[in-house]
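Residues per chain are reported as follows:
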Amino acid sequence: MLKIRFAFLIAAAAALLTAGAITAQAQGLPAQKVLTMDAASAIAHGAVDKCRADGYRVSVTVIDTGGMLKAFMRDDGSGPHTVDFSRRKAYTALTFKRTSAETGKAWIANPPAPNIEGTAGAAGGVPIMAGKDIIGAVGVSGAPGGDKDEACASAGIAKIADMLK
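These figures come from a predicted structure and were not determined experimentally.

Attention now goes to the overall build of the protein. Looking only at helices and strands, the protein features five helices and four strands. Along the protein, helices (α) and strands (β) appear in the sequence α-α-β-β-α-α-β-β-α when read from the amino end. With 165 residues in all, the protein has 36% of them scored as buried. Of the contacts formed within the protein by residues at least 6 apart in sequence, a portion of 62% connects residues at least 24 apart. Carbon and sulfur atoms provide 61% of the accessible area of the protein, an area that totals close to 9700 Å².

So this is what it looks like as structure tokens:
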């Protein structure tokens, strides 16, 4: 009798597990692409390398889709303000799903700019796209002009372009 009860319990547990898996599959749980630490590090290194090659000392911030820090680099000789500013540029690119330069232009064209803490309408922040999905953003600060910061950010993303397809 005890063996029959035990067998019944095992069969019931297996049925519940199978039903749960089928239900989860039927609900279509989303598959989410994530920015790995290694990819974020490669982006940061690529951005610093590009800026160094151009003669600039910068700070680079890479964040994930939750706005959390994934990688950060501050090159020798970069200004102290570049630390926070690179983070704000990355956060702007993530929040508005476009470069921070595009966001800044939109704010100028349609005043007043929204007061969203941690954002900046200066060039240098670029969203990191995996196909059509944003998986993070990179912000660069310290080059003499946001367009140069943005070029370094884009160069960093280009380092992992094959992973983003």
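This brings us to the sheet that holds strand β4 (residues 133-141). With respect to topology, four strands assemble into an open sheet ordered β2-β1-β4-β3, the strand pairing being antiparallel. The sheet is open, and its two edges are formed by β2 (69-74) and β3 (125-130), each paired on a single side. Here the strands of the sheet are splayed against their neighbours by 15° on average, with no regard to which way each runs. Note: β3 against β4, six bridges, orientation antiparallel. Within β4, the residue paired with Met-129 across the bridge is Ile-134. Against the sheet, helix α2 (residues 37-53) contacts β1 (59-64), β2, β3 and β4, and its axis sits at roughly 25° relative to β2.

A few words now on the state of the cysteines. One pass over the full model with this rule turns up one disulfide. A disulfide bridge connects Cys-51 with Cys-152, and the sulfur atoms are separated by 2.0 Å. Here the S-S torsion is close to 120°, and the disulfide linking Cys-51 with Cys-152 is therefore right-handed. On the criterion of sequence distance, the pair formed by Cys-51 in helix α2 and Cys-152 in helix α5 (residues 146-158) is long-range, its members being 101 residues apart. In this pair, the class of Cys-51 matches that of Cys-152, namely buried.

Our focus in this paragraph is the packing of aromatic side chains. Summed over the entire model, instances satisfying the criterion amount to one aromatic pair. Taken together, a centroid distance of 5.7 Å and an interplanar angle of 85° make the contact between Phe-96 and Trp-107 edge-to-face. Remark: Trp-107 occurs in helix α4 (residues 100-109) and Phe-96 occurs in helix α3 (residues 81-96); sequence separation between them is 11 residues. The class for Phe-96 is partly exposed, based on a relative accessible area of 23%.

Next up on the list: the nonpolar core. The tendency in soluble globular proteins is for nonpolar side chains to be buried side by side. Core analysis: the largest hydrophobic core is formed by 25 residues, its most contacted members being Leu-35, Ile-43, Val-60, Val-62, Ile-128, Val-138 and Val-140. Contributing elements (two or more residues each) for this core: α2, β1, β3, β4 and α5. For this core, the element with the most residues is α2, which contributes seven residues. Each residue touching Val-140, except ones within four places of it in the same chain, is listed here: Ala-47, Cys-51, Val-58, Ser-59, Val-60, Ser-86, Lys-89, Gly-124, Asp-149, Cys-152 and Ala-153.

Okay, the packing of α3 against α4 next. Across the interface, α3 lies against α4 with an axial gap of 8 Å and an inter-helix angle of 75°. In terms of orientation, α3 and α4 fall into the roughly perpendicular class. Residue-level inspection shows Lys-89, Thr-92, Ala-93 and Phe-96 of α3 in contact with α4, the latter providing Ser-100, Thr-103 and Trp-107. Looking at the contact of α3 with α4, its residues break down into three nonpolar, three polar and one charged.

Criteria and thresholds
- Residues numbered from 1 in each chain as written.
- Predicted model: local features only at pLDDT ≥ 70, side-chain atom pairs only at ≥ 80, totals over all residues.
- Heavy atoms only, no water.
- Helix = DSSP H or I, 4+ residues; strand = E, 2+ residues; numbered from the N terminus.
- Buried < 20%, exposed > 50% of the residue type's maximum accessible area, 1.4 Å probe, protein only.
- Contact = heavy atoms within 4.5 Å.
- Areas by Shrake-Rupley, 256 points an atom, 1.4 Å probe, with all protein chains shown as cover.
- Pairing = 2+ DSSP bridges.
- Axes fitted to C-alpha atoms, helices over the stretch in contact; angles between N-to-C directions.
- Disulfide = S-S within 2.5 Å.
- Phe/Tyr/Trp six-rings, centres within 6.5 Å; stacked < 30°, edge-to-face > 60°.
- Core = buried A, V, L, I, M, F, W, Y, C linked by side-chain atoms within 4.5 Å.
- Parallel < 35°, antiparallel > 145°, perpendicular 65-115°, else oblique.
- Nonpolar A, V, L, I, M, F, W, Y, C, P; charged D, E, K, R; others polar.

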